[in-house]
Amino acid sequence: MKNISKKSKYIQKEGCLSKFSVLMSVYHKDKSEYLDLALGSIWTDQKLKPDEIILVQDGPLSNELYFIIDKWKKELKDILKTYPMHSNKGLACALNEGLKYCSYDYIARMDSDDISCKDRFFEQVKFLDKNINIHVVGSFIKEIDEDGVTIKNVVKYPLLHKDLVDFFIKRDPLAHPTAVFRRSFFDLAGIYNENVPLAEDTLLWCQGFVSGCKFANIPIIGVKFRRTKDFYERRSNWDKSVGLLKFRLKKINRIMKFGIMADVYAVLYFCMALLPSKIKKIAYQRYR
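Residues numbered from 1 in each chain as written. Predicted model: local features only at pLDDT ≥ 70, side-chain atom pairs only at ≥ 80, totals over all residues. Heavy atoms only, no water.

Help me understand the pattern of salt bridges in this model?
For side chains of opposite charge, pairing can occur when their charged atoms come near one another. For the structure shown, the criterion picks out nine salt bridges. The salt bridge partner of Glu143 is Arg227, with a shortest N-O separation of 2.8 Å. Highlighted residues: Glu143 in strand E6 (residues 136-144) and Arg227 in the loop between strand E9 (215-226) and helix H9 (229-234), separated in sequence by 84 residues. Of the residues examined, Arg227 reaches a relative accessible area of 2% and is grouped as buried. Arg254 serves as the salt-bridge partner of Asp263, at 3.4 Å between the closest nitrogen and oxygen. Look at Asp263 and you get buried, because its relative accessible area is 16%. (Salt bridge = Lys/Arg side-chain N within 4 Å of Asp/Glu carboxyl O. Helix = DSSP H or I, 4+ residues; strand = E, 2+ residues; numbered from the N terminus. Buried < 20%, exposed > 50% of the residue type's maximum accessible area, 1.4 Å probe, protein only.)

Honestly, the confidence of the model for the chain in this entry has me stumped. Any pointers?
Low pLDDT marks regions whose predicted coordinates should not be analysed in detail. Looking at the chain as a whole, the pLDDT averages 89, with 87% of positions reaching at least 70. Every residue in residues 1-14 scores below 50 in pLDDT, and together they form 18 contacts with partners more than four places removed in sequence or on other chains. (pLDDT = per-residue confidence, 0-100. Contact = heavy atoms within 4.5 Å.)

Can you help me understand the nonpolar core in this one?
Note that soluble globular proteins tend to have their nonpolar side chains buried in a common cluster. Counting 33 residues, the largest nonpolar core has Phe20, Val22, Met24, Leu35, Ile42 and Ile53 as its most contacted members. Where this core is concerned, the elements lending two or more residues are strand E1 (20-26), helix H2 (32-42), strand E2 (52-57), helix H3 (63-76), strand E4 (106-109), helix H5 (120-130) and E9. It is H3 that contributes the most residues to this core, five residues altogether. Not counting residues up to four positions away in its chain, the partners in contact with Ile42 are Val22, Met24, Pro50, Ile53, Met110, Ser116 and Phe121. Counting 31 residues, the second largest nonpolar core, distinct from the first, contains Leu23, Phe186, Ala189 and Phe247. (Core = buried A, V, L, I, M, F, W, Y, C linked by side-chain atoms within 4.5 Å.)

Help me understand the packing of aromatic side chains, please; the structure alone is not making it clear to me.
Between two aromatic rings, the relevant description is the distance of the centres plus the angle of the planes. Scanning the model with the defined rule gives 14 aromatic pairs in all. When the ring of Phe168 is compared with that of Phe258, the centres are 6.0 Å apart and the planes differ by 75 degrees; the resulting orientation is edge-to-face. Note that Phe168 is positioned in the loop between helix H6 (161-167) and strand E8 (180-182) and Phe258 in the loop between helix H10 (238-255) and helix H11 (260-273), a separation of 90 residues in sequence. Taking relative accessible area as the criterion, Phe258 reaches 11% and is therefore assigned buried. Both rings, one in Phe185 and one in Trp205, keep their centres 6.5 Å apart while their planes meet at 75 degrees; by these two values the pair is edge-to-face. Taken together, the residues Phe185 in helix H7 (residues 183-189) and Trp205 in helix H8 (residues 200-210) connect sequence positions 20 residues apart. Trp205 carries the same exposure label as Phe185, and that label is buried. (Phe/Tyr/Trp six-rings, centres within 6.5 Å; stacked < 30°, edge-to-face > 60°.)

Structure (structure tokens):
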């Protein structure tokens, strides 16, 4: 546990930043090499290391994934806590399960195929410590491909709550894998909706806004977000795309009292979802 003692000395020197949990989910189609890089990025390379990592196993996994998890359990000991689910139930269900086991007031999201930049947690935890009115904070992202090659240097998001509300007319106001929540966010907004595949984060933002939660982003690249062929293919599913469009038009845009432009953007994103993957990739790079 040599790394932990180094962390403790560092925190004391910096002024006792709050403790926090990292919440992750992994399922059988995830790549073991990506999970290995993700775990390394939130521990080995971090300026401020998490006090616990909650990893939900969303159904049985591949032998390669189990190997990586066992490797990190030996490295992290009690820091890495795994919770297996009997069957694959989807991201929202897995995250809701993981929320039950998060011990600390701050809960950082992390996806199993992304890479957290080394200053991410330090900057976000410091921001929440200084801004007690903010319930969730995200960051900018860099987009990378299957091989870790940069495909977009930075995707920026608004920084202030009022601008994030306006931005939500077009698309999500935070990149979900960059979010660090206060536990009070979920107390106010509720947990992830498990009935809207591919839109559990979109609905969570809506629930947060209408519940009075305050949002922010900080102007750093906190996460290298991986866009793979699978990413584009998942968003080509007709039933899920139609379901998301209906949910935006009938629920989110009405609850948020958005006007016609929000509906136009929803239709445009629906059309983009149905494009061939190669064209969709170009569209994402150009218009995000």
